[in-house]
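Report on the structure
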Amino acid sequence: MNTPLGRRTRVLAATAATAGLVLVAGCSSGGSGSGATKTAAGGVELVKAGQLTTCTHLPYPPFQSEIDGKVQGFDVSLIDLVAKNLGVKQAIVDTPFENFKTGAFLNSEQCDLAAAGMTITEERKKNVDFSDPYFDATQAVLADKDSGITSLADVKAKGKKLGAQAQTTGEDYAKKQGFDPVSFESSDAVLSGLRSGQVQAVIIDYPVVQGWLKDKANADAFKVVDNLNTGEQYGFTVKKGNTKLLAAINKAIADAKADGTYKKLYEKWIGPYDAAAASASPSAS
């Protein structure tokens, strides 16, 4: 499934990730009609009454993607918890990924927060405020089984083409290693490029690769040839200075980890839960 490049900045329905959270996305105490307040529980100011508006970039499974016409995934489920605590519902806006670096849609008050499997970096902190880390991420190199590639270094040694998603830390890492990767607009486009032979290997977040390999056709055609422990952590972002919403997000993350909800969501969307699940062996490159 490729994402049409023109399909951006549209509001999408979000659904809860587990049976126990079925009512989360539809829960609202403020309402969105005339005269409805934009202030949620805890004094959190919202850009639209009755909803927590989340900017994301689709598709990026297992964190957010459209399933049966609704946006679902690990990030969506965690933000549903925030929305529930605020007494509102979550609404999702699909936007270009470059806006997450600049905080443009947060600053223009089109969204309350951004949730897009985004790595916390010092450069990005200049433009947005990050939540506490909610996911430890690593990069993986996925290659065609017939390519003869055995590591990231081998991609270069064999003169093969490497693909990456544009504006991501995976692309940045590849460039730092001396690659000139083929840039793709979305994770789906990255996989399509590998399938079509446009590239023979790709570098992207390991959880994304895990999701791809659940499909037998992908597992038969491709294999992970390298795990790169880059020390990355994901965070949600808010407009600089939005301390009340940031506190609400951090509380939801902490509570979910304490009461077992985080583990359940992790197992549903990512895979078997392990405190060291995201750690990887040092790269052979």
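Located above this text is the structure these notes cover.
A brief structural summary. (Residues numbered from 1 in each chain as written. Predicted model: local features only at pLDDT ≥ 70, side-chain atom pairs only at ≥ 80, totals over all residues. Heavy atoms only, no water.)

**As for the pattern of salt bridges**
Cut-off, in case you're wondering: What counts as a salt bridge is simple: a side-chain nitrogen of Lys or Arg found within 4 Å of a carboxyl oxygen of Asp or Glu. Secondary structure elements are taken from DSSP: a helix is a run of H or I of four residues or more, a strand is a run of E of two residues or more, and numbering for both begins at the N terminus. A 1.4 Å probe rolled over the protein chains alone gives each residue an accessible area, and that area as a share of the maximum for its type sets the label: buried under 20%, exposed over 50%, partly exposed in between.
Inspection of every chain in the model, using the stated rule, returns 7 salt bridges. Between Lys240 and Asp129 there is a salt bridge, and its shortest N-O distance comes to 3.1 Å. Taken as a pair, Lys240 in the loop between strand S13 (237-239) and helix H10 (243-259) and Asp129 in strand S7 (residues 128-130) lie far apart in primary sequence, 111 residues in all. For Lys240, a relative accessible area of 42% corresponds to the partly exposed category. Between Asp220 and Lys216 there is a salt bridge, with the nearest N and O atoms lying 2.7 Å from each other.

**Structural notes on the sheet that holds strand S8 (residues 135-144)**
Selection criterion: Strand pairing is assigned whenever DSSP detects at least two bridges linking the two strands. The convention used is that axes are lines fitted to C-alpha atoms, helices contributing only their stretch in contact, and that angles between N-to-C directions extend from 0 to 180 degrees.
Across the sheet, which stays open at both edges, the 5 strands sit in the order S10-S9-S11-S8-S12 with mixed pairing between neighbours. Looking at strand neighbours, the two that pair on one side only are strand S10 (182-184) and strand S12 (222-234), the edges of this open sheet. When strand polarity is set aside, the average angle formed by the axes of neighbouring strands in this sheet is 25°. Across 3 bridges, strand S9 (residues 162-165) lies against strand S11 (residues 201-205) in parallel orientation. Along S11, the bridge assignment pairs Gly163 with Val202.

**Digging into H10**
Using the following cut-off: Helices are assigned an expected span. That span is 1.5 Å times one less than the residue count. Two residues qualify as a contact provided that any one of their heavy atoms is within 4.5 Å of a heavy atom in the partner residue.
Over its 17 residues, H10 runs 24 Å from end to end, which matches the ideal 24 Å to within 8%, given 1.5 Å per residue. For H10, every residue scored as buried is listed here: Leu245, Leu246, Ala248, Ile249, Asn250, Ala252, Ile253 and Ala256. Check the buried side of H10 and you find it contacts strand S2 (51-56), helix H1 (74-86), strand S6 (113-114), S7, S13 and helix H11 (261-269). Looking at the residues trailing H10, positive phi occurs at Gly260, about 90°.

**Remarks on helix H6 (residues 169-176)**
Listed in full, the buried residues belonging to H6 are Thr169, Gly170, Glu171, Tyr173 and Ala174. With its phi angle positive at about 90°, Gly178 sits one or two positions after the end of H6.

**A look at the packing of aromatic side chains**
The following threshold applies: The criterion for an aromatic pair is that two Phe, Tyr or Trp rings (for Trp, the six-membered ring) have centres within 6.5 Å, with stacked assigned to planes under 30 degrees apart, edge-to-face to planes over 60 apart and tilted to the rest.
Scanning the model with the defined rule gives 14 aromatic pairs in all. Taking 3.9 Å as the distance between ring centres and 5° as the angle between the ring planes, the aromatic pair formed by Tyr134 and Phe236 counts as stacked. Of this pair, Tyr134 sits in the loop between S7 and S8 while Phe236 sits in the loop between S12 and S13, and the two are 102 residues apart along the sequence. Judged by relative accessible area, which is 1%, Phe236 ranks as buried. Consider the rings of Tyr262 and Tyr266, whose centres lie 6.2 Å apart with planes at 35°: the pair is tilted. Here Tyr266 and Tyr262 lie together in helix H11, a separation of 4 residues that amounts to about one turn. Per residue, the accessibility class of Tyr262 equals that of Tyr266, and both read buried.

**A few points about the packing of H1 against H10**
This is how the line gets drawn: Definitions for this section: a left-handed crossing has its near helix turned counterclockwise from the far helix by less than a right angle. A right-handed crossing has that turn clockwise. All residues other than Ala, Val, Leu, Ile, Met, Phe, Trp, Tyr, Cys, Pro, Asp, Glu, Lys and Arg, Gly among them, are scored as polar; the first ten of these are nonpolar and the last four charged.
Contact geometry of H1 with H10 gives a least axis separation of 9 Å together with a crossing angle of 115°. Remark: the crossing between H1 and H10 carries right-handed chirality. Listed contacts from H10 to Leu81, Val82, Asn85 and Leu86 of H1 are Leu245, Ala248, Ile249, Ala252 and Ala256. A class-by-class count of the residues in the contact of H1 with H10 yields 8 nonpolar, 1 polar and no charged.

**A closer look at the state of the cysteines**
The condition is simple: When two cysteine sulfur atoms lie within 2.5 Å, the pair is treated as a disulfide.
Applying the stated rule across the entire model yields 1 disulfide. The disulfide partner of Cys55 is Cys111, and the gap between their sulfur atoms is 2.0 Å. On the S-S bond that ties Cys55 to Cys111, the torsion sits near 70°, and the link is right-handed. Taken together, the residues Cys55 in strand S2 and Cys111 in the loop between helix H3 (104-107) and S6 connect sequence positions 56 residues apart. We note that Cys55, like Cys111, is buried.

**Topic: the pairing of S9**
Under the convention used in this document: Look down the strands so they point away from you; if going from the first strand over the helix to the second traces a clockwise path, that crossover is right-handed.
Neither face of S9 is exposed, since Leu162 and Ala164 on one face and Gly163 and Gln165 on the opposite face are all buried. As paired elements, S9 and S10 share 3 bridges and run parallel to each other. Note on S10: the bridge partner recorded for Gly163 is Val182. Handedness of the S9-H6-S10 crossover: right-handed.

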